[in-house]
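Secondary and tertiary structure notes
Spelled out from the first residue to the last, the chains are:
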Amino acid sequence: MFTQKSKLKELYQTPVGKDLLDTLARYAQRPNLFQNPILANLKIKTIGRLIGKNAPGVTDAILHLINSANETPPPFPPAITKKWWKEAVVYQIYPRSFQDSDGDGIGDLNGIRRRIPYLKELGVDAVWLSPIYDSPNDDMGYDIRDYRKIMAEFGGMEDFDALIRELHANGIRLILDMVLNHTSDEHEWFQKALANPQCVERDYYIWAKGRDGDEPNNWTSFFSGPAWNRYEETDEWGLHLFSKKQMDLNWDNPGLRAEVYDMISWWREKGVDGFRLDVINLISKENLEDGNNAIGALVGFRGIEHYFYGPHLHEYLHELREKAFRDAYTVGETVGMGLEMCRMLSAEERGELCTAFNFDHMDNPGKSRANEYRYDLRFLKSHFIKWQEEYGNNCWPTLFFENHDNPRMVSKINPDPRLREVIAKLLCVLQFTLKGTPFLYQGQELGMVNASFSSVNEYRDVEAINRYHELLKGRTQEEALRITSWGTRDHARTPMQWDSSENAGFTTGEPWLKVNPNYAQINAEEETRTSGSVFQFFKNLIALRKESETLVYGSFRVSGRKEKDTFCYYRESENETFYIEINLTEHEQPRNHAAPPAFHFCMGNYGRAAESLRPYEANVYQSIRRR
Ligand code: TEU
């Protein structure tokens, strides 16, 4: 057991210790702090001063997490096993904003079906649909009211059956988004629990008595405010880590788990090929003790240390694999998990997840999408080298820069419209030449960018709306709008831009969320017929990746490890090698490594290579195939 007298280097040897210390260092904007050999010899009790949070309880919380997570790290086997989901290009669709087919201003399943030829042309192998189930849409479908019913605005079960049939007929697999940490408070289980506290469903949720008339503990919601609703009828409080209408499920209840396994098996029997698992690492709550204030201030959510890697997480994930997912593909949205913890959750021999989403690269160290800043691409070099070299052959990375929760990456890096296409293509080169499964978010292949919002009334994202009203306590409407406009998830949810007709061809009705007015310049119709467009670049690089096992299963070797402004690397297999060179800055950089001899220029975001590396230049070279 580790104690306050344990040295940092001893803690750093454990999977959870390494991730926790690295995470704290990143939040403190000192990402390599704990690799410092001098510091490594210090005792953990010094950690408070090092991360600037010399607050009581931080080291106790870290020691408790490390001591209770006493797993042995998975081995590092010599070979990679081949799987369809390691070779696939996955395309995330946010159904509400993809294509409307009935003129109600909301995307739907028949609209997706209509766009299958577009997905085929791009080279997509699988689609991930954000939740399509019956929901009051407090959190746009991530608040599920009926797991076995299609959301009315999206169509009916017959439309789902038609969609999966046509996707499969076109060789495209279907991955559904499964939200298992919570349900809508309008779900039948929760309604029964309210109506009859003695019913079996009562214990499907997490209830507690208040403290002196206040919440049972000091936990805060991811969507602002306390994480509890009070219910007068029984004088109890119900836990909601997200919106007030998203009630956390009690995974310690075997009856609840059996209901979930039955529901997942039902979808698998309908032919679903895989599942994206919403905040899946939050399902095991250790206890309801108060969260540490310093950790809460550092991470932004008080109480998170009691549930982000709970004591039964591995047990429940393994049971999910055995009794529900079986051989279906799974990718966990594992908020707050670092590389080592993702290895514990997804190494092949552990029989839990197939892959995991790690979010360490989505913001620069110490930043979040709540901050206004220019994303510095140079951070990606150390991040990707670590994940390419240390993840192990029995774990498989996921490669993404956008999803429905984050602003458009091009806008985060540099909003200069003259650089939009070059940056979009640079991100494409990283996503399709590094080792891992690429997850492309709708519109990323067009180089879509953030919108601008003139009022909170234009927001539809519950997280941004709640935060706006919280900020109003002490700020003007203009300030609250400006601050929330940096990271509102609405940026990713403006309707897909299909063509230059009204509403970008998304709907003939009134769109549920404003269309970005730049659709006249940025749209699929224009780009699918224009050579050199962002779409064509994505299509060509996806095709190159499909032709070459090297870009899927080849080894990774960095070139010029110490260079700050450029990221150059090889992908190698027995008879083929690719060399990639990237300028991570908006300034011209000297080419410190000439492309190796016997390599030919394959593709690049400036069309051809030049003497030096131009702003954000990214080039792919290929060796002549050895026979
Ligand atoms: O997101 C959880 C999550 O990681 C983000 O919500 C993020 O942590 C949060 O916005 C604070 O920055 C998943 C879904 O992707 C998201 O759309 C849902 O709103 C959320 O879970 C609740 O289901």
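Below: a short report on this structure. (Residues numbered from 1 in each chain as written. Predicted model: local features only at pLDDT ≥ 70, side-chain atom pairs only at ≥ 80, totals over all residues. Heavy atoms only, no water.)

Going through the model one piece at a time under the given rule, you end up with 47 salt bridges. Between K82 and E549 there is a salt bridge; the shortest N-O distance is 2.8 Å. Pair noted here: K82 is in the loop between α5 (58-68) and α6 (84-87) and E549 is in helix α23 (residues 549-553), with a separation of 467 residues, a long-range link. Among the ionic pairs, E236 bridges to R202, the shortest N-O distance being 2.4 Å. (Salt bridge = Lys/Arg side-chain N within 4 Å of Asp/Glu carboxyl O. Helix = DSSP H or I, 4+ residues; strand = E, 2+ residues; numbered from the N terminus.)

Another aspect to go through is the environment of I93. Structurally, I93 is set in strand β1 (residues 90-93). Residues I93 and H491, spaced 398 residues apart in sequence, show a C-alpha to C-alpha distance of 15 Å. Ignoring sequence-local partners within four residues, the contact set of I93 consists of F98, I112, L119, V127, W128, L129, S130 and Q442. (Contact = heavy atoms within 4.5 Å.)

Once that is clear, we can look at the environment of E390. Counting through the fold element by element, E390 comes out in helix α15 (residues 378-390). Look at E390 and you get partly exposed, because its relative accessible area is 32%. On a C-alpha basis, the gap between E390 and R302 in space is 31 Å, while along the polypeptide they are 88 residues apart. When sequence neighbours within four positions are dropped, the list of residues in contact with E390 reads K18, F76, L339 and R343. (Buried < 20%, exposed > 50% of the residue type's maximum accessible area, 1.4 Å probe, protein only.)

As a further point, take the layout of surface pockets. In this structure, the second largest pocket encloses a volume near 820 Å³. Taken together, 24 residues line the second largest pocket, and the ones lying closest to its centre are N32, F379, K381, S382 and H383. Looking at the lining of the second largest pocket, the elements with two or more residues in it are α2 (15-27) and α15. With ten residues, α15 is the single largest residue contributor to the lining of the second largest pocket. Here the lining of the second largest pocket is composed, by residue class, of five nonpolar, five polar and 14 charged. (1 Å grid on protein atoms, 1.4 Å probe; cavity = no way out; pocket = protein on both sides within 12 Å on 5 of 7 lines; lining within 4 Å. Points joined across faces, edges and corners; volume = space filled by probe spheres on them. Nonpolar A, V, L, I, M, F, W, Y, C, P; charged D, E, K, R; others polar.)

It is worth spelling out the packing of α2 against α5 at this point. Packing of α2 against α5 brings their axes to within 9 Å, and their N-to-C directions diverge by 150 degrees. Between α2 and α5, the angle falls in the class roughly antiparallel. Helix-helix and strand crossings are classified by hand; for α2 and α5 the assignment is right-handed. For the pair formed by α2 and α5, the contact residues are V16, G17, L20 and L24 on the first element and I62, L65 and I66 on the second. For the contact of α2 with α5, the class distribution of residues is six nonpolar, one polar and no charged. (Axes fitted to C-alpha atoms, helices over the stretch in contact; angles between N-to-C directions. Parallel < 35°, antiparallel > 145°, perpendicular 65-115°, else oblique. Left-handed = near helix turned anticlockwise from the far one by under 90°.)

With that out of the way, let us pick up the pairing of strand β8 (residues 228-231). Pairing between β8 and strand β9 (residues 236-239): four bridges, direction antiparallel. Each bridged residue has a counterpart across the sheet, and for N229 the counterpart in β9 is G238. Hairpin geometry of β8 and β9 is characterised by an intervening segment of four residues between the two adjacent antiparallel strands and by a positive phi of about 55 degrees at D235. (Pairing = 2+ DSSP bridges.)

Turning to helix α13 (residues 313-325), a few remarks are in order. Spanning 13 residues, α13 covers only 16 Å between terminal C-alpha atoms, well under the ideal 18 Å at 1.5 Å per step. Of all the positions in α13, only L313, H314, Y316, L317, E319, L320, R321, A324 and F325 are classed as buried. On the buried face of α13, the contacting elements are α11 (254-269), β11 (274-278), β12 (329-333) and α14 (339-346). Downstream of α13 by one or two residues, R326 has phi in the positive range, about 50 degrees. (Expected span 1.5 Å × (residues − 1).)

Turning our attention to empty space enclosed by the protein. Following the criterion strictly, the structure yields five cavities of 30 Å³ or more and no others. Space inside the largest cavity adds up to approximately 100 Å³. In this structure, the largest cavity is lined by 13 residues; those nearest its centre are N358, H383, W387, P397 and T398. Ranked by the residues each element gives to the lining of the largest cavity, the list is headed by α15, at four residues. Residues of the lining of the largest cavity, tallied by class, amount to eight nonpolar, five polar and no charged.

Attention now goes to the sheet that holds strand β20 (residues 618-623). Pairing is antiparallel across the open sheet formed by five strands, whose spatial order is β16-β17-β18-β20-β19. The sheet is open, and its two edges are formed by β16 (555-559) and β19 (599-604), each paired on a single side. Neighbour to neighbour, the strand axes of the sheet diverge by 25 degrees on average, direction disregarded. Across five bridges, strand β18 (residues 576-583) lies against β20 in antiparallel orientation. Residue pairing for β20: I580 is matched across the bridge by V620. With respect to the sheet, α15 is in contact with β16 and β17 (566-573), its orientation differing from that of β16 by roughly 145 degrees. Against the sheet, helix α17 (residues 420-433) touches β17, β18 and β20, its axis set at about 145 degrees to β18.

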